[in-house]
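Observations on the model geometry
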Amino acid sequence: MVVLRRLAGPLLSVGMLCLALWALHLLAKEVNYHQVRTYVQSISRARLLLAALLTAMGYAVMTLYDRFALASIGRKLPWRQVTLISFISYAFSNAIGMSLLVSGSIRYSFYIQSGLSTKEVAKVVLFCTSSFWLGLLALTGVTLLCVPLPPSLPLAAFRVPAALLLTLVPLAWLAGGLIKHPIRVWRWRVSMPSVATGVRQILVGAFDWGLAAAVLYVLMPNELNNGFGHFLAIFVIAQIIGLISHVPGGLGVFEAVMLAGFGATGNEALAAPIIGALAAFRVIYYLLPLCMATVLVLQREARGLRQKSLLTPWFTGLLPSFFAGLTLVSGAVLLFSGATRALPKRMDILRDVLPLSVLEVSHLLASVIGMMLLILARGLQRRLDAAYWLTLVLLVAGAVFSLLKGIDYEEATLLTLLAMALAPAHWLFYRRASLFSTTFSVGWIVSIVAVFGCATWLVLFSYKHVAYSSDLWWEFSFYQGGAPRALRALVAAAAAGLLFALASLIRPRRLAPEPPTEAELVQAMPLIKQFPSAQAHLALMGDKTLLFDPGGKAFVMYDIEGRSWVTMGDPVGNDDAARRELVWMFLDQCERAGGWAVFYQVSPEDLDLYLEVGMSLLKIGEEARVRLATFNLDGKSKKTLRGTVNKLARDGLRLEIVPAESVAPLLPRLKVISDAWMLDKRVREKRFSLGAFDPRYLVRTPMAVVWQNDQIVGFANLFLNETKQEASLDLMRFLPEGPAGIMDYLFVELMQWARQEGYTWFNLGMAPLAGLQNRRQAPLWNRFGALVFGRGERFYNFRGLHRYKDKFDPEWEARYMAVPGGIALPMILANVASLISGGLSGVVRR
């Protein structure tokens with residue numbers, strides 16, 4: 001069922017795209033590529049300029065979405081900044097589709113840098129999305145009420161009911177503005193905008209869609225000029241169907257509905273101009289703004305390279321995906337170009353200067369490069385160094401082959417500009433992993449297959465007048481060889497994709513996670529001893545799988561609970577490149593297994609490791625660290641602690657630090673103390689973030705033993721690194737009937753001993769949920785955590801633990817959990833709690 005849920009969305013999009021292409025094939029079966037190209041070339045410059053002007057007006061109107069959204073939350077930003085953000089987000093979302101996801105992520109990246117909170121960005125995105133749909137529904141409803149539909153559309157029989165239903169939605173939205181108190185929708189409380197704000201939303205949305213329709217209207221043939229109202233009715237219906245199909249940009253779906261709406265089925269004279277107008281519309285309204293937005297983003301990147309402070313983790317995390325998207329588009333352009341006929345005038349020039357063999361090879365290799373760019377785009381998204389260099393080489397080669405196969409200077413320019421933009425961004429692609437080890441998500445595979453499917457359809461459409469025969473594959477000619485070249489190029493591109501898929505499938509499979517072997521623990525020990533955080537010693541417990549980077553310079557320790565793959569702490573090691581690579585390796589492994597990657601209890605210094613791979617951060621508490629150089633028992637605040645330690649010293653208590661190699665003989669006596677302590681506290685062994693009484697674990701670390709005369713009354717195993725940066729302890733237990741205050745005595749004596757040994761810090765461990773604020777503007781997780789911290793004593797002594805550690809005057813430092821975005825968070829939190837507590841039943845026990 002989990003696999004089916006993951007596949008459902010992408011497969012639905014592919015299914016809708018296939019249906020749309022099949023419908024286009026049926027609707028335009030009498031149309032050939034030459035007819036479409038002839039109409040596009042016949043469109044006057046005046047019409048093209050008017051369409052471009054209307055497009056500019058449309059994108060200017062779109063900026064009002066963001067302006068009104070910011071006004072609704074009481075924020076004001078410079079108009080140039082708002083215009084830039086709005087234009088870039090809509091240029092990409094209009095061309096790529098998935099408006100909420102694409103424009104939402106772009107807005108988040110830019111508005112966060114402008115000082116907005118996550119909650120405010122969410123409100124802006126919701127306002128813009130609702131305005132977008134309200135305007136479309138209102139315009140569609142009113143148009144259908146006023147304009148009859150052609151009988152060729154199935155919706156014509158239900159025109160009035162559909163119009164009333166569509167109009168009712170924006171009217172209900174306006175009526176909601178009369179309700180002053182928040183409306184409860186399932187688990188959320190929603191405050192409706194005022195009537196004036198709702199009217200602005202609807203008017204801006206309707207004006208936006210009206211201008212979009214006007215762009216296509218001026219490009220349509222004169223034979224279809226039955227009035228703008230008639231055209232608008234078909235246009236808005238086609239847009240709605242294209243949007244709900246979930247096909248990127250409504251590609252194919254929108255075109256099929258437009259052809260059906262104008263009754264172009266089987267009408268060659270009518271279908272060819274409509275398809276030509278739709279192609280010109282795609283270029284002017286979608287492709288040109290996308291190119292302009294690309295240039296703007298590249299300018300921002302170039303400015304950031306000169307001024308590194310501009311490149312925040314959010315923006316640097318966006319750039320690889322941005323380059324990956326452009327590389328995907330470039331690959332699609334090469335495939336589509338190879339599937340269509342070259343211009344005769346350009347072929348005349350090539351015939352005089354090039355041998356036929358060079359033309360044939362260039363055409364074939366250009367399509368192969370197109371397929372490889374589709375694959376390499378995923379490598380760029382995963383920041384692979386090899387993908388970066390291969391992409392640079394193939395972009396330049398693709399530009400050269402584009403010129404050699406048909407003087408296609410337009411696509412050569414596109415590829416060259418992308419190569420020039422990518423060249424100075426090598427620092428973004430630092431991973432040395434193999435391209436064949438990269439995981440391809442279902443969505444990414446579907447995208448590649450969809451592009452190839454569209455290229456296949458283009459071949460069939462462009463050369464439908466050519467009768468197929470087996471001899472066609474072996475025909476070579478400047479003027480009559482278009483169809484054979486397109487077929488050979490298509491098969492070569494498919495072969496390249498299949499060879500890469502085969503090479504990826506035969507790579508060594510990762511084994512299921514297993515406890516570390518003795519050899520792995522020996523390999524990890526030097527890394528643990530040199531790592532600044534003493535908590536890395538938890539790897540020695542042996543209950544977590546160790547994943548090393550290829551060079552063995554760093555590792556992560558992790559365990560699995562449900563679908564959550566949870567690491568304990570940051571990657572361990574002092575090689576930054578190896579630690580960064582481990583984050584990607586771990587993500588790849590989780591993605592391959594269908595799991596959720598979670599990094600638990602990570603430090604502020606390493607947050608960029610997780611932000612740049614697109615993870616979200618939750619504060620889970622604060623860690624207490626005592627600066628040993630200033631630690632003492634002087635002063636009135638330490639009077640009680642000083643008295644306890646002095647009294648126990650007079651009662652004969654003393655501390656002994658036992659080396660790891662001498663711990664084994666003491667374990668039977670320590671086991672008695674451990675069992676008595678657990679029985680008295682009515683607890684059971686925890687795991688993952690804490691150690692347990694396991695002889696194999698305890699003999700690997702020194703032991704602090706508290707003696708009273710000749711009897712052991714308490715103990716704790718120590719985490720000591722060789723850099724002397726930090727000392728800590730893990731398992732601390734004492735006899736219930738022993739003297740009161742043994743824990744205080746043990747902590748104070750250990751800190752004084754660590755200071756004498758030259759250690760800088762003593763780590764007291766984390767206080768869960770400490771430091772979270774229960775404020776009105778705080779994120780929901782922070783408010784929930786603060787509530788549990790203050791009132792969750794039934795399950796865990798959160799506040800008491802924080803108070804106890806605070807009496808040693810530590811410096812508190814935040815700790816975070818990096819999690820994937822989405823609706824899986826509640827399940828992830830449950831899995832992490834179960835993992836730490838030793839099972840679900842342990843979550844509700846002390």
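Parameters at a glance
Residues numbered from 1 in each chain as written. Predicted model: local features only at pLDDT ≥ 70, side-chain atom pairs only at ≥ 80, totals over all residues. Heavy atoms only, no water. Helix = DSSP H or I, 4+ residues; strand = E, 2+ residues; numbered from the N terminus. Buried < 20%, exposed > 50% of the residue type's maximum accessible area, 1.4 Å probe, protein only. Polar contact = N/O pair within 3.5 Å; in protein donor to acceptor, adjacent residues only side chain to side chain. Contact = heavy atoms within 4.5 Å. Expected span 1.5 Å × (residues − 1). Pairing = 2+ DSSP bridges. Axes fitted to C-alpha atoms, helices over the stretch in contact; angles between N-to-C directions. Parallel < 35°, antiparallel > 145°, perpendicular 65-115°, else oblique. Core = buried A, V, L, I, M, F, W, Y, C linked by side-chain atoms within 4.5 Å.

1. Digging into unusual backbone geometry
Even without being glycine, glutamine 601 reaches a positive phi, approximately 60°. Here glutamine 601 lies in strand 6 (residues 596-602). Positive phi, normally seen in glycine, also occurs at asparagine 709, with a value near 60°. By relative accessible area, asparagine 709 is classed as exposed at 53%.

2. Remarks on the environment of tyrosine 108
Looking at where tyrosine 108 falls in the secondary structure, it is placed in helix 5 (residues 99-113). On a C-alpha basis, the gap between tyrosine 108 and serine 89 in space is 10.0 Å, while along the polypeptide they are 19 residues apart.

3. Focus on the side chain of aspartate 408
Relative to the helices and strands, aspartate 408 is located in the loop between helix 15 (385-406) and helix 16 (409-422). For aspartate 408, a relative accessible area of 13% corresponds to the buried category. Polar contacts involving the side chain of aspartate 408 include one to the side chain of lysine 405, which spans 2.8 Å. Setting aside anything within four residues of it in sequence, one finds aspartate 408 in contact with Ser337, Arg346, Ser402 and Leu403.

4. Re helix 28 (residues 825-837)
The terminal C-alpha atoms of helix 28 lie 18 Å apart, and with 13 residues this matches the ideal 18 Å at 1.5 Å per residue to within 8%. The complete set of buried residues in helix 28 reads Ile828, Asn831, Val832, Ser834, Leu835, Ile836 and Ser837.

5. Some remarks on the sheet that holds strand 4 (residues 555-561)
Spatially, 3-4-5-6-13-7-12-11-10-9-8 is the arrangement adopted by the 11 strands of the open sheet, whose pairing is mixed. If you trace the sheet from one side to the other, it starts and ends with strand 3 (545-548) and strand 8 (653-658), each paired once. Strand-to-strand twist of the sheet, defined as the mean angle between neighbouring strand axes without regard to direction, takes the value 30°. Sheet topology places strand 8 next to strand 9 (residues 703-708); six bridges connect them, and they run antiparallel. Bridging across to strand 9, glutamate 656 finds its partner in valine 705. Relative to the sheet, helix 23 (residues 667-681) contacts strand 9, strand 10 (711-720) and strand 11 (726-734), its axis offset from that of strand 10 by approximately 95°.

6. So, the packing of helix 13 (residues 344-353) against helix 15
The interhelical angle for the contact between helix 13 and helix 15, taken along N-to-C directions, is 95°, at an axis separation of 7 Å. Here helix 15 runs roughly perpendicular to helix 13, going by the angle between their axes. Note on element contacts: helix 15 touches helix 13 through Leu403, Leu404, Lys405 and Gly406, opposite Arg346, Met347 and Leu350.

7. Description of the nonpolar core
Tyr111, Leu216, Leu219, Phe235, Met258, Phe281 and Phe323 are the most contacted members of the largest nonpolar core, which totals 128 residues. In terms of residue count, the dominant contributor to this core is helix 11 (residues 268-306) (14 residues). Excluding residues that lie within four positions of it along the chain, phenylalanine 281 makes contacts with Ala212, Val215, Leu216, Leu219, Phe235, Phe254 and Tyr286. Membership of the second largest hydrophobic core comes to 85 residues, among which are Tyr697, Leu746, Val748 and Met817.

Note that every value here comes from positions in space, so none of it alone points to a role or purpose.
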